[in-house]
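In case you want the letters, here they are:
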There are 2 protein chains.
Amino acid sequence: MRQNPARRTALLDAAIEVLARDGSRGLTLRAVDKEAGVPTGTTTNYFTNRGDLLRQVMTRTGERLAPDPEALAETMKAKPSRELTAILLRQLLERMRADKPSHLAMLELRLEATRRPELQEDLTRIFATMLDANIKWHLDSGLPGDRDTVLLLYVAMLGVIVDDLTVPGLLEPYDTGKLIDALVTRSLPGGGR
Amino acid sequence: MRQNPARRTALLDAAIEVLARDGSRGLTLRAVDKEAGVPTGTTTNYFTNRGDLLRQVMTRTGERLAPDPEALAETMKAKPSRELTAILLRQLLERMRADKPSHLAMLELRLEATRRPELQEDLTRIFATMLDANIKWHLDSGLPGDRDTVLLLYVAMLGVIVDDLTVPGLLEPYDTGKLIDALVTRSLPGGGR
DNA sequence: AACGTAGTACTGCACTCGCAGTGGTGTCAA
DNA sequence: TTGACACCACTGCGAGTGCAGTACTACGTT
């Protein structure tokens, strides 16, 4: 088992690319070799088998999904408000559109997790940590809304992302921007309007 | 190309099962044969190739996802209200949990559509029709809320379903029932409370 | 009733492809 | 020189796929 960490992440990124482009069906050790532009057999040397590769791809994808701390800090200079919440969500969507492979790969992994208990455990842990952190962060940063607000925003944005990734034409006539506005406006408790 | 419609749908249902259990990776013509308990090669006779099978699986899945008209009529005897909306959404979730294969297959198809333009077209059309019908139906039946309400309910429920299918442990501590209540309460315009 | 024909279903086979895994050789640095 | 890594060649194997041939059934004709 090889250790070179730079090459390892390069392979993982290549795997994400393959996963997004060709799906779980196309994700083979050879395909990763080819995508990464390394000689055949290299991926075999870095991962004991396909399952191992998947697990490591998952954590790598988790890393890539996290927002850029600097950009986030920049945005958070504004005073916490309803508008800021909407801006954050828009940025989330933009981030997704800018890095579709990661999100597609994550979707593939979700499905793969359906059939691999160990993967599902890892995945649940990762998402749970993300969600908890999100809730805490949202409340701490003084953004409007309670815990349920964050949960609703989470599921709704997940839905938007899934749709936008897989059937982009569906929500298009409804303008996702406005949809997000409506979402923010309404998911705050009390002052619905 | 064989025509026997009963056998054809039997094969399609078997394909849905395979798709849900083994994923797109496991969906082969032979696998469908095995799942349906028919002799090897039968599926080849009914579908010219894998792509053809996928398309037909999609429309079949669409059929299976539709709610039972009778049960729906029964539910709709109650007077349209916020509570009724919540009940309908809960039923949607129950229906999903009762027929996971269909929903999982649909998710697989969504991802597959990412790589097959013709499938994406079909899929978009199917979903668009569903969504339009849903909006119209919601408004016509006197349920509270406007068009945006239905859209929000749609994306949020999609998110809930995806999560529940793939990482069921994530939303569990938050009680999906209550989550749906909060969703309904808040996605109505004006009277957020 | 016997026969022929067409449509349908089943079965086995052969071909190809590509994957996984192993072992061996080359190369560089300590 | 030794150890770790990179690269490459080879083998065995399993899977996917399409084709060709066979069996069954229904129906119509004479």
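Only a predicted model underlies this, so the values are computations on that prediction, with no experimental measurement involved.

Analysis parameters
Residues numbered from 1 in each chain as written. Chains lettered and ligands numbered in written order. Predicted model: local features only at pLDDT ≥ 70, side-chain atom pairs only at ≥ 80, totals over all residues. Heavy atoms only, no water. Contact = heavy atoms within 4.5 Å. Buried area = accessible area lost by both parts, 1.4 Å probe. Salt bridge = Lys/Arg side-chain N within 4 Å of Asp/Glu carboxyl O. Polar contact = N/O pair within 3.5 Å; in protein donor to acceptor, adjacent residues only side chain to side chain. Helix = DSSP H or I, 4+ residues; strand = E, 2+ residues; numbered from the N terminus. Nonpolar A, V, L, I, M, F, W, Y, C, P; charged D, E, K, R; others polar. Near = heavy atom within 4 Å. UniProt positions renumbered as here; feature names shortened; annotations may be inferred. Phe/Tyr/Trp six-rings, centres within 6.5 Å; stacked < 30°, edge-to-face > 60°. Lys NZ or Arg CZ within 6 Å of the ring centre and 35° of its normal. Least-squares fit on C-alpha atoms with pLDDT ≥ 70 in both. Axes fitted to C-alpha atoms, helices over the stretch in contact; angles between N-to-C directions. Parallel < 35°, antiparallel > 145°, perpendicular 65-115°, else oblique. Buried < 20%, exposed > 50% of the residue type's maximum accessible area, 1.4 Å probe, protein only.

Caption draft 1: Molecular detail of the interface of chain A and chain B. Each partner contributes residues to the interface: chain A has 57 residues there, and chain B has 57 residues. Across the chain A/chain B interface, buried area totals approximately 4,400 Å², and carbon plus sulfur atoms make up 65% of it. When the buried area of chain A at its contact with chain B is split by residue, Arg25, Tyr174 and Arg186 of chain A rank highest and sum to 19% of it. A salt bridge links Asp163 of chain A to Arg110 of chain B; the shortest N-O distance between them is 2.7 Å. Seen at the junction of chain A and chain B, the total is 22 residue pairs in polar contact (both at pLDDT 80 or more). The greatest single-element share of the side of chain A that touches chain B, amounting to 15 residues, is contributed by helix H9 (residues 147-166) of chain A. Of the residues in the side of chain A that touches chain B, the class split is 30 nonpolar, 13 polar and 14 charged.

Caption draft 2: A look at the protein's contact with DNA strand D. Every one of the 13 residues lining DNA strand D counts as a neighbour, but Arg7, Pro39 and Tyr46 of chain A together with Thr28 and Arg30 of chain B are closest to it. When atoms of DNA strand D within 4 Å of the protein are split into backbone and base, the sugar-phosphate part holds 56%. Between DNA strand D and the protein, one listed contact pairs a phosphate oxygen with a side-chain N or O atom of Asn4 of chain A at 3.2 Å. Tyr46 of chain A is positioned with one of its side-chain polar atoms (N or O) 2.5 Å from a phosphate oxygen of DNA strand D.

Caption draft 3: The arrangement of the UniProt feature "DNA-binding region" (unreviewed entry) in chain A in detail. Cross-referencing UniProt, the feature "DNA-binding region" (unreviewed entry) maps to residues 28-47 of chain A in the present numbering. Between the C-alpha atoms that bound residues 28-47 of chain A there is a distance of 11 Å. The span itself is 65% helix and 0% strand.

Caption draft 4: Summary view of the protein's contact with DNA strand C. Neighbouring DNA strand C are 13 residues; Arg30 of chain A together with Arg2, Arg7, Pro39 and Thr40 of chain B lie closest to it. In the interface set of DNA strand C, defined as its atoms within 4 Å of the protein, sugar plus phosphate atoms amount to 51%. A distance of 2.5 Å is found between a base nitrogen of DNA strand C and a side-chain nitrogen or oxygen belonging to Arg30 of chain A. In the environment of DNA strand C, a phosphate oxygen lies 2.2 Å from a nitrogen or oxygen atom belonging to the side chain of Arg7 of chain B. Elements represented by at least two residues in the surface near DNA strand C include exactly helix H2 (29-36) of chain A together with helix H3 (42-46) of chain B. Residue contributions to the surface near DNA strand C peak at 3 residues, all from H3 of chain B. Taken together, the residues of the surface near DNA strand C break down into 3 nonpolar, 7 polar and 3 charged.

Caption draft 5: Representation of the packing of aromatic side chains. Tallying each qualifying case throughout the model produces 0 aromatic pairs over all chains. A cation over a ring is seen here: Arg8 of chain A above Phe47 of chain A, with NZ or CZ 5.1 Å from the ring centre.

Caption draft 6: Representation of the pattern of salt bridges in the model. Tallied over the full model, the rule gives 40 salt bridges over all chains. Overlapping salt bridges, with partners in common, bring together Asp13, Arg60, Glu63, Arg64 and Asp99 of chain A in one network.

Caption draft 7: Region of the structure containing the relation of the copies chain A and chain B. Least-squares fitting of chain A to chain B yields an RMSD of 0.0 Å, with the transformation described by 0.0 Å of translation along the axis and a rotation of 180°. Here the two chains are linked by the operation of a two-fold rotation axis. When you check the interface residues of chain A against chain B, 100% turn up at the interface there too, and the contact is symmetric in its surfaces.

Caption draft 8: Structural detail: the packing of H9 of chain A against helix H9 (residues 147-166) of chain B. Running from N to C, H9 of chain A and H9 of chain B point in directions that differ by 90°, and their axes come no closer than 6 Å. Here H9 of chain A is positioned roughly perpendicular relative to H9 of chain B, judged by the angle of their axes. Seen from H9 of chain A, the contacting residues are Tyr154, Val155, Ala156, Leu158, Gly159, Val160, Val162 and Asp163 of chain A; seen from H9 of chain B, they are Tyr154, Val155, Ala156, Leu158, Gly159, Val160, Val162 and Asp163 of chain B.

Caption draft 9: Structural detail: the UniProt feature "domain: HTH tetR-type" (unreviewed entry) in chain A. Mapped onto this structure's residue numbering, the UniProt feature "domain: HTH tetR-type" (unreviewed entry) falls at residues 5-65 of chain A. Between the C-alpha atoms that bound residues 5-65 of chain A there is a distance of 20 Å. The span itself is 84% helix and 0% strand.

Caption draft 10: Just unusual backbone geometry, in detail. All names here are of chain A. Of note, Asp175 is a non-glycine position whose phi angle comes to about 65°, a positive value. As for its placement among the helices and strands, Asp175 is situated in the loop between helix H10 (168-171) and helix H11 (176-187). The exposure class of Asp175 is partly exposed, given its relative accessible area of 36%.

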